[in-house]
Amino acid sequence: MSYDTLFRSVHLATFADATPYGELRDAALLVRDGQIAWLGREAELPADLIDDETLELDCEGRWLTPGLIDCHTHLVFGGDRAAEWEQRLEGVSYEAIARAGGGIRSTVRATRQSSEDELVDAALPRLDCLLAEGVTTLEVKSGYGLDFEHERKMLRAARRLAEERELTVHTTFLGAHALPEEFTGRADDYIDACIDWMGRLAHEQLVDAVDAFCEHIAFSPAQVERLFEAAAALKLPVKLHAEQLSDQGGAGLVARRHGLSADHLEWLSEQDIAAMAQSGTTAVLLPIAYYCLRDTRPPPIEALRRAGVPLAVATDCNPGTAPASSLLLALNMACTLFRLTPAEALAGVTRHAAGALGLKDRGRLAVGLRADLALWSIERPAQLCYWLGGAPMAGRWCGGEAV
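Rules used in this analysis
Residues numbered from 1 in each chain as written. Predicted model: local features only at pLDDT ≥ 70, side-chain atom pairs only at ≥ 80, totals over all residues. Heavy atoms only, no water. UniProt positions renumbered as here; feature names shortened; annotations may be inferred. 1 Å grid on protein atoms, 1.4 Å probe; cavity = no way out; pocket = protein on both sides within 12 Å on 5 of 7 lines; lining within 4 Å. Helix = DSSP H or I, 4+ residues; strand = E, 2+ residues; numbered from the N terminus. Contact = heavy atoms within 4.5 Å. Buried < 20%, exposed > 50% of the residue type's maximum accessible area, 1.4 Å probe, protein only. Pairing = 2+ DSSP bridges. Expected span 1.5 Å × (residues − 1). Polar contact = N/O pair within 3.5 Å; in protein donor to acceptor, adjacent residues only side chain to side chain. Points joined across faces, edges and corners; volume = space filled by probe spheres on them. Nonpolar A, V, L, I, M, F, W, Y, C, P; charged D, E, K, R; others polar. Axes fitted to C-alpha atoms, helices over the stretch in contact; angles between N-to-C directions. Phe/Tyr/Trp six-rings, centres within 6.5 Å; stacked < 30°, edge-to-face > 60°.

Caption draft 1: Representation of the UniProt feature "binding site: 4-imidazolone-5-propanoate" (unreviewed entry) in the protein within the structure. Under the UniProt annotation, the feature "binding site: 4-imidazolone-5-propanoate" (unreviewed entry) is placed at Arg-81, Tyr-144, His-177, Gln-244 and Thr-321. Annotated residues from the preceding list that form part of the lining of the largest cavity: these are Arg-81, Tyr-144, His-177, Gln-244 and Thr-321. Mapped onto the secondary structure, His-177 falls in the loop between strand E8 (168-176) and helix H6 (187-203). Once you skip the residues sitting within four places of it in the chain, His-177 turns out to touch His-74, Ile-104, Gly-143, Tyr-144, Leu-146, Phe-213, Ala-218 and Phe-219. As for its position among the elements, Gln-244 is in the loop between strand E10 (239-242) and helix H8 (250-256). On the basis of relative accessible area, Gln-244 is assigned to the buried category, the value being 7%. For Gln-244, the residues in contact, after removing those within four places along its chain, are Phe-213, Glu-215, His-264, Leu-265, Glu-266, Trp-267, Leu-293 and Asp-295.

What follows is the structure in structure tokens.
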């Protein structure tokens, strides 16, 4: 019996049990046919599992983790919003900029003016930064097209990223991100349009999940409910931008739908925390957006902990409120700003990030799971949350293939 790759002299952060990091030192891990076939103490490695065709890698005491997962990004977009960032520094609020035609709408204009090829070319440098930090799975949302043609263009561009680079790209339809100018005063009509587009895009296999922005400057809970009913009819899982600027009860809404995740959550209520705990809905924390908006109200982390709600961490990479393509930076901010432990933060970009995307085949090191792996030149896992700048990655594998 032969295996593709044997990792020797390695420490494992498995995230497969309740101990911090799921730590297993002085270990080995074997990969065959793109899956983890064996792992354990190297001294306990059965000799008959190795033959002359096994590729053996001496990891020299480095750490091996699951490949990292960025479960909330808006990576595909046109233009940038540096001018609005300057406005916010001068005291103009995000809401005021949005109501004046800036914010998401300004990115919509730039995205509509960009070709599919231009969107791909613009996204690749941002993607490469994430890959250099051990990312093997990435979620990319639409939401800057806001009509069928341009939402489709964004989703096609997102799918193409997985053709240009070695990773898994999970696409999310976010048509209900903002109300486009041509639908001013007709939000219900726009939701009807989104429902129509969603079905057509799903038929083209461009949609893995459905998202919306439930907020007083975006869409009401009732409007989101209609969208989610249509998603259920298409058997598409749902998630939600919820409680970022105010308490709209969005997290409870998505929990009632047994949705994958509720994201942002600065204004999350105790009632909706209980609903998320009951449904198993993941809380996705976005500390870079919190930092860039200079917010002062963090998500209720301790209450989420007590309730046992899974905590994921993501970059929220977007041109307006999180112009960052570093998941390691998000880890540091999750610890520093939200007081997560390093073990919690790293579980948030592996095990719980996989849950936020509905992916059961990755995010942990365990026999039978997909061999998405990252090797790190570090002395302890907490260092991945500690350093600001620099990526100590020594190797990355997707489905057992070195990339």
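Structure's up, so let's keep going.
Caption draft 2: Representation of the pairing of strand E5 (residues 63-66) within the structure. Sheet topology places strand E1 (residues 5-13) next to E5; 2 bridges connect them, and they run parallel. Opposite His-11, over in E5, you have Trp-63 as the bridge partner. Relative to strand E14 (residues 373-376), E5 is paired through 4 bridges, and the arrangement is antiparallel. Bridging across to E14, Trp-63 finds its partner in Trp-376.

Caption draft 3: Broad picture of helix H4 (residues 116-131). An ideal rise of 1.5 Å per residue puts 22 Å on 16 residues; H4 measures up with 22 Å between its terminal C-alpha atoms. Taken together, the buried positions of H4 are Glu-116, Leu-119, Val-120, Ala-123, Leu-124, Arg-126, Leu-127, Leu-130 and Leu-131. On its buried face, H4 is in contact with strand E6 (68-70), helix H3 (104-112), strand E7 (135-141), helix H5 (148-164), helix H12 (327-338) and strand E15 (393-398).

Caption draft 4: Highlighting the side chain of Lys-141. Here Lys-141 lies in strand E7. A polar contact is formed between the side chain of Lys-141 and the side chain of Glu-139, at a distance of 2.7 Å. For Lys-141, the side chain forms a polar contact with the side chain of Asp-211, separated by 2.8 Å.

Caption draft 5: Structural context of empty space enclosed by the protein. Taken as a whole and judged by the stated rule, the model has 1 cavity of 30 Å³ or more. Around the largest cavity, the lining is made up of 13 residues, and of these Tyr-94, Ile-104, His-177, Asn-318 and Thr-321 lie nearest the centre. Residues that form the lining of the largest cavity fall into these classes: 4 nonpolar, 7 polar and 2 charged.

Caption draft 6: Layout of the sheet that holds E6. A sheet is described by the order of its strands in space; here 8 strands give the open sequence E6-E7-E8-E9-E10-E11-E12-E13, paired in parallel fashion. Looking at which strands have only one partner, the edges of the open sheet turn out to be E6 and strand E13 (311-313). Across the sheet, the mean angle from the axis of one strand to that of its neighbour is 25 degrees, orientation sign disregarded. Strand direction decides the pairing type here: E8 and strand E9 (residues 209-214), joined by 3 bridges, are parallel.

Caption draft 7: Geometry of the UniProt feature "binding site: N-formimidoyl-L-glutamate" (unreviewed entry) in the protein. UniProt records the feature "binding site: N-formimidoyl-L-glutamate" (unreviewed entry) for Tyr-144, Asn-318 and Gly-320 in the present numbering. A maximum C-alpha distance of 11.5 Å places the annotated residues, which cover 177 residues in sequence, within one compact spot. From this annotated list, the subset lining the largest cavity comprises Tyr-144 and Asn-318. For Asn-318, the location among the structural elements is in the loop between E13 and H12. What makes Asn-318 buried here is its relative accessible area of 4%. Residues in contact with Asn-318, not counting those within four places in the same chain, are His-74, Phe-77, Tyr-144 and Pro-323. Within the structure, the side chain of Asn-318 is placed 2.7 Å from the backbone nitrogen of Thr-321, a separation counted as a polar contact. Relative to the helices and strands, Gly-320 is located in the loop between E13 and H12. Excluding residues within four positions of it along the chain, Gly-320 makes contact with Arg-81 and Arg-88.

Caption draft 8: Representation of the packing of aromatic side chains in the model. Tallied over the full model, the rule gives 8 aromatic pairs. Measuring from centroid to centroid gives 4.9 Å for Phe-7 and Trp-397, while their planes differ by 80 degrees, and the two rings are edge-to-face. In this pair, Phe-7 sits in strand E1 while Trp-397 sits in strand E15, placing the two residues 390 residues apart along the sequence. Take Phe-7 and Trp-397: they sit in the same class, and that class is buried. Ring centres of Tyr-190 and Phe-219 lie 5.9 Å apart, and the angle between their planes is 15 degrees; on these two criteria the pair is classed as stacked.

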